Amino acid sequence: MTASVSDIGADAVVATECPPDFAHRNVWGDVAYMVRLLAFHVRRDWIFAVPLWVLLLGAGAVGSYLQLRYIRELANVTNGLVVSNRPAVVAALTGAVVFIVLTAIHHGLQSALAYTLRIRIRTALTGELLRRWLGGRGFYRPLQDHALDHPEQRVQEDVYNFGLYLIQLAPALVTSATTFYLYSNQLWLLSSPLPVSMPSGGQIIIPRALYVLAIATAIVATLSAHLIGRIYTRLDVVRQRIEAGFRHDLGQAREFAEQIVLGGGQALEEARARHDYALIRRNWRPYTGSAASLEAVRVLITLLASVIPTVLLFPLVLAGKMQVGDLTIAGVAFGAVFHAFGSISTNYDGFALLRSASQRIQLMDESLSYEQSSGFVHAAADRPEFAVRDLEVRTAAGHKLFSIDKLTIGAGERWLVRGMSGSGKSTFFRVMSGIWPFGSGTVEHPSQGSRVMFLPQKPYLPNGTLAELLSYPSPSDAFAPADYRAVLTDIRLERLIGDIGAARSWAKRLSPGEQQRVVLARALLQKPDFLFLDEATSSLDPKTEAAMFDVLARRLPDTSLVTIAHTDRLTRYHSHQLQIENGGVTIAELKGAAEGALINQSERSHND
Ligand SMILES: Nc1ncnc2c1ncn2[C@@H]1O[C@H](COP(=O)(O)OP(=O)(O)OP(=O)(O)O)[C@@H](O)[C@H]1O
């Protein structure tokens, strides 16, 4: 099957989609947020940030001074040539070469400062975003539909771009201010009044015509750049998002290659990737248009600005009232004042990209600050037990899943949780862990010091050494090599003992059942007081499953177990059952659960 791009509505998406994060932004709000980010870095890293900023901005001012001196030497060369003064030409050329060398050294040092500051800004912002995103509960959003798009890109690329464009722009603005200061006076002096004939027949005199024209041209340039640049910023925010979507879908196709090939989904995956790319192409058209318009307006106004002084002053040169070199200086001074006053317009593309990066960081910042208020009261019990009262668990959409009037999971008890698919078993675990906010009631958690461990339905096996996988979430040096050898034997993966220190893509190398056993080994190492297993052995054959429950009973005799399972086979390993059905629960004691049952089962398994 090949789905065409228009089938999927790419045009509509790009043409009509206004990023939710863009709608309420304006340029001053963005600038205020940039200042907040900057202030954050300066507060965090003031010992380095303050001197680096001072040096970098100072370097901008030095740069414009060097440029001025160099241009003056060039003007002296021209003036010396006009009057055939050889020593003056040679002296001016020598001066020009000195300023060229100084300018090169200056640029090198400025780059070093800029790169140092960039990585320091990035380090401060990345550290903060990682702390708030990965380090807190903000990491998990039950409402995936409303979750922030591609936070990973915001942390990685947007923070990088923020530092990049900020460091490009900030010194440029300081250079502009210095240039404006240095050249303003000169242009003011060179500016004579200009008589302008009016269509009505009269004549008005523009005082300091060159100066006024330089400022007016700069204002026109800035306003036109802003009008075009607003769209450019918006399109760049869209571009960042759809690029991230493209990368994400390709990454997912790589991750699930086996499932896709077995399911025959290659054509659909290709269509999905083409659709993602089509969005990028559709966005590229207006993006190109606005970038091209920005560039054209910038060049047009810059070039016009470069001829205005000649147009106004050449009669004075022809009349012998002004030297050619002075015309050059007037031209440079006009250009400098125009560029300095209108520096936002000449740097508008960088400013637009800086706004786009800062908007995306801001949305992540706001999203991390947002706390979904929980309907549940979580408290610490004074005994080592979980106790729930008047619990009503709901879906994110507000539909009731089930309610529990009263339930206590005491020390050493073994509970089996059952119910139809979608009845809310995993959500019950989410409530018990405190990450599910939708519903009401009280959950008392075991007294301080009790350790609780949740093993979810889908094992999470990040890349790393086998020891890191087994010790997760503790570091691998938290356990001795002998512990790893023992648990690998317990979970019947002795063959991997030689690979304990080997870094591999274990999620790809291990079968789903083996992955589940690796996750069970974490519990054997961590020895929690309460262990919640969400269909943690669903991929195992009955014999291996029995062996795993036998090991759990042997190695963790005092651990309270809460197991979600669909199979009757596990009844014998539990003392109580919680059945979720028809919006309520039924609680029963399982009389057949005896130590003997475990041992008999285990012996049978070994004899099979
Ligand atoms: N993160 C989430 N956001 C929104 N709804 C969710 C989320 N997780 C689960 N649900 C919804 O809550 C309901 C209960 O889901 P839950 O995972 O608890 O079911 P379950 O009983 O464990 O199912 P199964 O036996 O199939 O694993 C389902 O309708 C599901 O769609």
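This one's a predicted model, so the numbers in the text were calculated from it and none came from an experiment.

**Remarks on helix α13 (residues 425-433)**
1) Next: Extensive coverage of α13 is indicated by the burial of seven of its nine residues.
2) Next: Taken as a whole, α13 has its buried residues at K425, S426, T427, F428, F429, V431 and M432.
3) Next: Just downstream of α13 lies G434, where phi reads positive at about 95°.

**What about the environment of D534?**
1) Next: Considering the arrangement of structural elements, one finds D534 in strand β11 (residues 530-534).
2) Next: Looking at D534, the relative accessible area reads 6%, which means it is buried.
3) Next: Counting along the chain gives 29 residues from D534 to T563, while the straight-line C-alpha distance between them is 6.0 Å.
4) Next: Setting aside anything within four residues of it in sequence, one finds D534 in contact with S426, F429, L455, P456, Q457 and I564.
5) Next: Within the structure, D534 has its side chain in polar contact with the side chain of S426 (distance 2.7 Å).

**Quick word on the site of the ligand**
1) Next: Residues in close proximity to the ligand total 16 residues, the closest being S421, G422, K425, S426 and T427.
2) Next: In this structure, G424 approaches the ligand through a main-chain N or O atom, which is 2.9 Å from an oxygen atom.
3) Next: The contact in question runs from an oxygen atom of the ligand to an N or O atom on the side chain of K425, over 2.7 Å.
4) Next: In terms of residue count, the dominant contributor to the shell around the ligand is α13 (four residues).
5) Next: Classifying every residue of the shell around the ligand by side-chain character gives five nonpolar, eight polar and three charged.

**Quick word on the sheet that holds strand β14 (residues 584-589)**
1) Next: Reading across from one edge, β8-β11-β12-β6-β13-β14 is the order of the six strands in this open sheet, with mixed pairing throughout. Strands with a single pairing partner mark the edges of an open sheet, and in this sheet they are β8 (452-455) and β14. In this sheet, adjacent strand axes meet at a mean angle of 15° when their direction is disregarded.
2) Next: Relative to strand β13 (residues 576-581), strand β6 (residues 414-419) runs parallel, the two sharing five bridges. Bridge pairing in β13 links L416 to Q577.
3) Next: Strands β6, β11 and β12 (560-564) of the sheet are contacted by helix α18 (residues 542-555), whose axis makes an angle of about 170° with β11.

**Some words on the confidence of the model for the protein chain**
1) Next: When pLDDT is averaged along the protein chain, the result is 85; 91% of the residues meet or exceed 70.
2) Next: In this model, residues 1-23 is a region of pLDDT below 50 whose contacts with residues beyond four sequence positions or in other chains number 40 contacts.
3) Next: Within the model, pLDDT remains below 50 along residues 594-608, and this stretch shows 16 contacts once partners closer than five positions in the same chain are excluded.

**Overview of the packing of aromatic side chains**
The description of an aromatic ring pair uses the distance of the two centres, along with the angle that the planes make with each other.
1) Next: Overall, the coordinates contain 16 aromatic pairs when judged by the stated rule.
2) Next: For the ring pair F402 and F428, a centre distance of 6.2 Å and an interplane angle of 65° mean the geometry is edge-to-face. One end of the pair, F402, is in strand β5 (residues 400-409); the other, F428, is in helix α13, with 26 residues separating them in the sequence. Comparing F402 with F428, the two get one shared label, buried.
3) Next: Pairing Y460 with Y472 gives two aromatic rings, centres 5.7 Å apart and planes at 75°, and the pair type is edge-to-face. Highlighted residues: Y460 in the loop between β8 and β9 (464-465) and Y472 in the loop between α14 (466-471) and α15 (481-490), separated in sequence by 12 residues.

**A closer look at the nonpolar core**
1) Next: In terms of nonpolar packing, the biggest core is built from 42 residues, with W53, I121 and F162 touching the most fellow members.
2) Next: For this core, the elements supplying multiple residues, two or more each, are α3 (27-44), α4 (46-82), α5 (86-133), α6 (151-190), α7 (209-255), α9 (266-318) and α12 (348-369).
3) Next: The element contributing the most residues to this core is α12, with 10 residues.
4) Next: Apart from residues lying up to four places away in sequence, W53 is in contact with L38, H41, V42, G58, L117, I121, L166, I167 and A170.

**Observations regarding the side chain of D249**
1) Next: Take D249: it is sitting in helix α7.
2) Next: R272 provides the closest opposite charge to the buried, salt-bridge-free D249, at an N-O distance of 4.9 Å.
3) Next: Excluding residues within four positions of it along the chain, D249 makes contact with R272 and D276.

**Brief notes about the pairing of β8**
1) Next: Of the two faces of β8, the one lined by M453 and L455 is fully buried and the one lined by V452 and F454 carries no buried residue.
2) Next: Where β8 and β11 come together, four bridges link them in parallel fashion. Residue pairing across strands places V452 opposite F530, the latter belonging to β11.

**Here's the deal with a nonpolar patch on the surface**
1) Next: Taken together, the side chains of V97, V98, V101, L102, I105 and L109 present a nonpolar region at the surface, about 520 Å² in accessible area.
2) Next: Examined against the element boundaries, V101 turns out to sit in helix α5.

**Comments concerning the environment of H378**
1) Next: Here H378 is to be found in strand β3 (residues 376-380).
2) Next: Spatially, the C-alpha atom of H378 lies 8.7 Å from that of G441, the residues being 63 residues apart in sequence.
3) Next: Non-local contacts of H378, meaning those with residues more than four positions away in its chain, are made with V431, G434, V443 and H445.

**Re the sheet that holds β5**
1) Next: One open sheet accounts for four strands, arranged β3-β7-β4-β5; its pairing is mixed. Each edge of the open sheet is held by one strand with a lone partner, namely β3 and β5. With direction set aside, neighbouring strand axes in the sheet form an average angle of 10°.

**Structural notes on the pattern of salt bridges**
Oppositely charged side chains may form a pair once their charged atoms are brought near each other.
1) Next: Considering all chains together, one arrives at 22 salt bridges under this definition.
2) Next: As a salt-bridge pair, R383 and E385 come within 3.2 Å of each other at their nearest N and O atoms.
3) Next: Relative accessible area serves as the criterion here: at 15%, E385 is assigned to the buried category.
4) Next: Across the pair E514 and R495 runs a salt bridge whose closest N-O atoms are separated by 2.4 Å. Separated by 19 residues along the polypeptide, E514 in helix α17 (residues 512-526) and R495 in the loop between α15 and β10 (503-504) bring together distant segments of the chain.
5) Next: R495 gets classed as exposed once you look at its relative accessible area, which sits at 57%.
6) Next: Where salt bridges share partners, they join R44, E128 and R131 into one cluster.

About the cut-offs
- Residues numbered from 1 in each chain as written.
- Predicted model: local features only at pLDDT ≥ 70, side-chain atom pairs only at ≥ 80, totals over all residues.
- Heavy atoms only, no water.
- Buried < 20%, exposed > 50% of the residue type's maximum accessible area, 1.4 Å probe, protein only.
- Helix = DSSP H or I, 4+ residues; strand = E, 2+ residues; numbered from the N terminus.
- Contact = heavy atoms within 4.5 Å.
- Polar contact = N/O pair within 3.5 Å; in protein donor to acceptor, adjacent residues only side chain to side chain.
- Near = heavy atom within 4 Å.
- Nonpolar A, V, L, I, M, F, W, Y, C, P; charged D, E, K, R; others polar.
- Pairing = 2+ DSSP bridges.
- Axes fitted to C-alpha atoms, helices over the stretch in contact; angles between N-to-C directions.
- pLDDT = per-residue confidence, 0-100.
- Phe/Tyr/Trp six-rings, centres within 6.5 Å; stacked < 30°, edge-to-face > 60°.
- Core = buried A, V, L, I, M, F, W, Y, C linked by side-chain atoms within 4.5 Å.
- Lys, Arg positive; Asp, Glu negative; His and termini not counted.
- Salt bridge = Lys/Arg side-chain N within 4 Å of Asp/Glu carboxyl O.
- Patch = residues over 30% accessible without salt bridge, like charges linked within 9 Å, V, L, I, M, F, W, Y side chains within 5 Å.
- Areas by Shrake-Rupley, 256 points an atom, 1.4 Å probe, with all protein chains shown as cover.

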